[in-house]
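# Fold and contact review
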Amino acid sequence: QVQLVESGGGLVQAGGSLRLSCAASGRTFTMGWFRQAPGKEREFVAAISWSGGTYYADSVKGRFTISRDNAKNTVYLQMNSLKPEDTAVYYCAARPGITIATMTSGYDYWGQGTQVTVSS
């Protein structure tokens, strides 16, 4: 069983930056970030494989960067040029597979979520 703990959320003005972290209790392979805004379904944001391959949702491409430190079992999401529509609870997820998945059903482990609020 892998436990994931997110941190780094908060309130920021539009155009600002935040860095989210997700610490895993054990070794993970592919890790991803998802987000869920009020009244909306949870949606894919970004994912990174064990070897460092990345994939992004079109809505965040060029603004967000996912990275990982395998020695620390930690994944990061650097969010720049934030927009009000980025406001959501952000969830870290992990899966034992080596390929990237973009659907929530592709992940076995989830964090508790961290709130990101972007004011206009």
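Our subject is the structure that appears above.
Residues numbered from 1 in each chain as written. Predicted model: local features only at pLDDT ≥ 70, side-chain atom pairs only at ≥ 80, totals over all residues. Heavy atoms only, no water.

## Some remarks on the overall build of the protein chain
- On a plain count of helices and strands, the protein chain comes out with zero helices and eleven strands.
- Going residue by residue from the N terminus, the α and β elements of the protein chain occur as β-β-β-β-β-β-β-β-β-β-β.
- On C-alpha atoms alone, the protein chain measures out to a radius of gyration of 13 Å, which is about the 14 Å that the 2.2 N^0.38 rule sets for 120 residues.
- Once the C-alpha set of the protein chain is aligned to its principal axes, its extents read approximately 40 × 30 × 25 Å.
- Counting all 120 residues of the protein chain, 45% fall into the buried class.
- Of the contacts made within the protein chain by residues no fewer than 6 positions apart, 58% connect residues no fewer than 24 positions apart.
- About 6100 Å² of surface is accessible on the protein chain, with carbon and sulfur atoms providing 48% of the total.
- Looking at charge distribution, the protein chain has the averaged site of its 11 positive side-chain charges lying 5 Å from that of its 8 negative ones. (Helix = DSSP H or I, 4+ residues; strand = E, 2+ residues; numbered from the N terminus. Rg over C-alpha atoms; globule rule 2.2 N^0.38 Å. Buried < 20%, exposed > 50% of the residue type's maximum accessible area, 1.4 Å probe, protein only. Contact = heavy atoms within 4.5 Å. Areas by Shrake-Rupley, 256 points an atom, 1.4 Å probe, with all protein chains shown as cover. Lys, Arg positive; Asp, Glu negative; His and termini not counted. Charge placed at Lys NZ, Arg CZ, Asp CG, Glu CD.)

## Some thoughts on the sheet that holds strand β3 (residues 18–24)
- The strand order across the open sheet formed by four strands is β1-β3-β8-β7, and the pairing between neighbours is antiparallel. Each of the sheet's edge strands pairs with one partner strand only, and the pair in question is β1 (4–7) and β7 (64–69). Each adjacent strand pair in this sheet contributes to an overall mean axis angle of 15°, direction not counted.
- In the sheet, β3 pairs with strand β8 (residues 74–79) via six bridges, with the strands oriented antiparallel. Within β8, the position partnered with Ser21 by the bridge is Tyr76. (Pairing = 2+ DSSP bridges. Axes fitted to C-alpha atoms, helices over the stretch in contact; angles between N-to-C directions.)

## Re the state of the cysteines
- Counting across every chain of the model gives one disulfide.
- A sulfur-sulfur distance of 2.1 Å marks the disulfide that ties Cys22 to Cys92. When the S-S torsion is -80°, as for the bridge of Cys22 with Cys92, the disulfide is left-handed. Of the two residues, Cys22 is situated in strand β3 and Cys92 in strand β9 (residues 88–95); the sequence distance between them amounts to 70 residues. Here Cys22 and Cys92 have matching classes, each one buried. (Disulfide = S-S within 2.5 Å.)

Just distances and angles here, no functional claims.
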